[in-house]
Amino acid sequence: MPLERLVTVVNPLGLHARPSARLVTVVNQFKSRVLIRRADDATFVDAGSILSVMFLAAAQGASLVLRAEGEDEAAALAAVAALFAEAQEPSNVF
Amino acid sequence: MSSSPLTETEVRFAGLPASPGVGFGRVVRLVPQSRPPLFINVLPHRVTLEIERVKRAMQKARRHLESVKRHFREQAGQGSAYLLDPYILMLDDAILTQAIEDNIRQRRINAEWAVKQAVESLLDSFEQLQDDYLRQRRDDIRDVGQRLIAMLSGQPMRLPTLDAPSTLFADDILPTLLAEMNPTNFSGIVTDAGGVTTHAAIIARSLGVPAVFGAREALDRAVEGAPCIVDGSQGEVILHPRRATQTVYLGRRAAEQRLRRDGLASARLPAVTRDGVVCHLLANIEIQSELPAVERCGAQSIGLFRSEFILSSEADGVPDEESQCAAYRAVIAASPDQVATIRVFDFSSDTLPSDARVAEANPALGLHGARWWLANESVARSQLRAIARATEVGRARILLPRVTCLSELQAARALLDAVCRELGLTGAAAKRVELGAMIEVPAAVLIADRLARESDFLSIGSNDLVQYLLASDRGNERVSYLQQPLHPAVLASFSLIVAAARAANKSLTMCGEMAAQPACAFALLGLGIRRFSLSPAALPSLKSALRNLRVKDAERFVAQALTLDTARAVEACAATYLDQSRLER
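Residues numbered from 1 in each chain as written. Chains lettered and ligands numbered in written order. Predicted model: local features only at pLDDT ≥ 70, side-chain atom pairs only at ≥ 80, totals over all residues. Heavy atoms only, no water.

Quick word on the overall build of chain B
Moving on, step 1. In terms of helices and strands, chain B carries 25 helices and 16 strands.
Moving on, step 2. Going through the 585 residues of chain B one by one, you find that 54% of them count as buried.
Moving on, step 3. Relative to all contacts within chain B whose residues are 6 or more apart in sequence, the contacts with residues 24 or more apart total 69%.
Moving on, step 4. Entry remark: accessible area of chain B is about 25000 Å², with carbon and sulfur atoms responsible for 51%. (Helix = DSSP H or I, 4+ residues; strand = E, 2+ residues; numbered from the N terminus. Buried < 20%, exposed > 50% of the residue type's maximum accessible area, 1.4 Å probe, protein only. Contact = heavy atoms within 4.5 Å. Areas by Shrake-Rupley, 256 points an atom, 1.4 Å probe, with all protein chains shown as cover.)

As for the nonpolar core
Moving on, step 1. Ranked by size, the top nonpolar core spans 99 residues in total, and within it F494(B), F532(B) and F557(B) carry the most contacts.
Moving on, step 2. It is helix α22 (residues 518-527) of chain B that contributes the most residues to this core, eight residues altogether. (Core = buried A, V, L, I, M, F, W, Y, C linked by side-chain atoms within 4.5 Å.)

Here we look at the side chain of K69(B)
Moving on, step 1. Relative to the elements of secondary structure, K69(B) occurs in helix α1 (residues 47-76).
Moving on, step 2. Apart from the residues lying within four places of it in its own chain, the contact partners of K69(B) are A81(B), L84(B), D85(B) and I88(B).

Some remarks on the sheet that holds strand β1 (residues 3-8) of chain A
Residues and elements named next belong to chain A.
Moving on, step 1. Pairing in this open sheet of four strands is antiparallel, and the strands run β1-β4-β2-β3 from one edge to the other. Both outer strands of the open sheet, β1 and β3 (45-46), are each paired with one neighbouring strand and no more.
Moving on, step 2. Summarising the sheet, strand β2 (residues 33-38) and β3 pair through two bridges and their orientation is antiparallel. Bridging across to β3, L35 finds its partner in D46. (Pairing = 2+ DSSP bridges.)

Observations regarding the packing of helix α20 (residues 462-469) of chain B against helix α21 (residues 488-504) of chain B
Residues and elements named next belong to chain B.
Moving on, step 1. Where α20 contacts α21, the two axes come as close as 10 Å, and the packing angle between them is 125 degrees. The orientation of α20 relative to α21 falls into the category oblique. Relative to α21, the crossing made by α20 is right-handed. Packed against α20, whose contacting residues are S462, L465, V466 and L469, the element α21 presents A489, V490, S493, F494 and I497 at the interface.
Moving on, step 2. Among the residues forming the contact of α20 with α21, the class breakdown is seven nonpolar, two polar and no charged. (Axes fitted to C-alpha atoms, helices over the stretch in contact; angles between N-to-C directions. Parallel < 35°, antiparallel > 145°, perpendicular 65-115°, else oblique. Left-handed = near helix turned anticlockwise from the far one by under 90°. Nonpolar A, V, L, I, M, F, W, Y, C, P; charged D, E, K, R; others polar.)

A short note on the environment of L578(B)
All names here are of chain B.
Moving on, step 1. By the element assignment, L578 lies in helix α25 (residues 567-584).
Moving on, step 2. Looking at L578, the relative accessible area reads 12%, which means it is buried.
Moving on, step 3. Between the C-alpha atoms of L578 and A554, which are 24 residues apart in sequence, the distance is 9.3 Å.
Moving on, step 4. Residues within four places of L578 in sequence aside, it is in contact with P518, A519, F522 and L549.

In short, the description is geometric, and any link to function would need to be established separately.
This is the structure:
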């Protein structure tokens, strides 16, 4: 059974190039397949593709659904969700 | 640097201030070396070979960018190196690789053309996005595409070698190419295209290289080897500068370097004078990417957001209410106290978006500031709606620029009230939106008491006020000696404004860079100003200056200064006081 979790983008500038890059880097550290979609759109895209993540055009306040499936799915989901919890960190440029 | 004043005249032009600092160097023109890719149909058995070529090129480009990242980390520090991650990840991205492969397989075309097509269709998809910031990331995809094509064609992009201080002139610059540059001898960069929020601008700022972007026809005007000054703080480019100009800019460069050396050490300390008077330091900002610097530089709030700068990232025209609202929300949310002073669009006939530009003989005395804004009611209305809606994340102080008559303030108030009613903002919610007048026209100084009565707060725009009071254009070098912020007329004006704000019990903020000069900060303190809004970079040194001053001394100085006859006399008097207090320490 794949695991899912709902997260919210808190970065004032949204999920842009740098946060997207971090997200993709973290996703690719796990064996599980991680997917992501906008809560208002049923189509999942590959969270390991920076272009897919950028195309979500997730602005501040956007709700996103994460889905992980694979041997380390719980760890993968926790790691990715933690990125959102840490407020996509106070980046100094993006 | 020597110029040849007999043969070459000084040429000045302006662009967007993309990376601060002043640089002196000679022009190096960067013209694209690689030819556009050729379209070739390939035979069926070549298809797999072309796909192999693409894979190898991607791998090579990725390895190359990894090395650029290492180089950039050495130059700009660990904190900036991640800027290259999106490019590296794109060169590994399934969507891009798949699109290129499909092109080759289905259309039997060569790798170069397949890359070109795939990049173009991605760019089209980006064009559809609602989000302005993301739409600007087109440059990044274009960058990756150009790198790939260069790798495929076996002509890797070559960097100019800079043997002496040099300023690069280009039509546009790839962000990753900029990251590859060595900052030694790199005195500046000027481009025809580009904006202040592009990755190239961010990279230039990380490298500390002064940059002016969006300077139209810059490449055409620049002759290889011509001496040049780039002022990335003001957005100015000067070719063949005269001796006098060089002196002015050498001074500016020294001041900027001093500021950087002083560092941010004092940013965390409270802004309290030696005799315990609390001051408030706020930040002037123009673009959203400056937001993180606000807190880092020790600002407690955003004292001036120049909203017309959200237009420079737009192709043309005023952005719609939704995108404006998102921008204002980001500004308010990023302000340390969730309060932002947002100045409504301040245009004059020569700074309007190109489609609306009109010719006026004298733009500084024409339909500008509040006049233009009130004359364009639909623009004003949607801006007010956007700001009012953005206050769900905090509070907004709406600032009306270049107010001349009380009736302008009243008209703006009526419009704001109407918008609040429309949006159902009443009671406490309506109180989150305040309205204030910016005092920068001499007439406004003389009716400051009336303006204070009907404003929720007042701000002084010192740059324009000095310019209008002394009837001299700060961009005109022949009268630049008249930029005298300590002119007795300026001091007397400030004194009137402070009195008006005090009598009406309204907050007063000084917006402008003059407070960055110690003598001016001393005078403003003595005049009774306690709220200062400056560019974030100027705040740390202002704070350390304020912490070394005493209000008691400043008031004694001002009492004397108001009786003096000339700016020079005031400056000399300030110097005496400041020397004295230095000796006491």
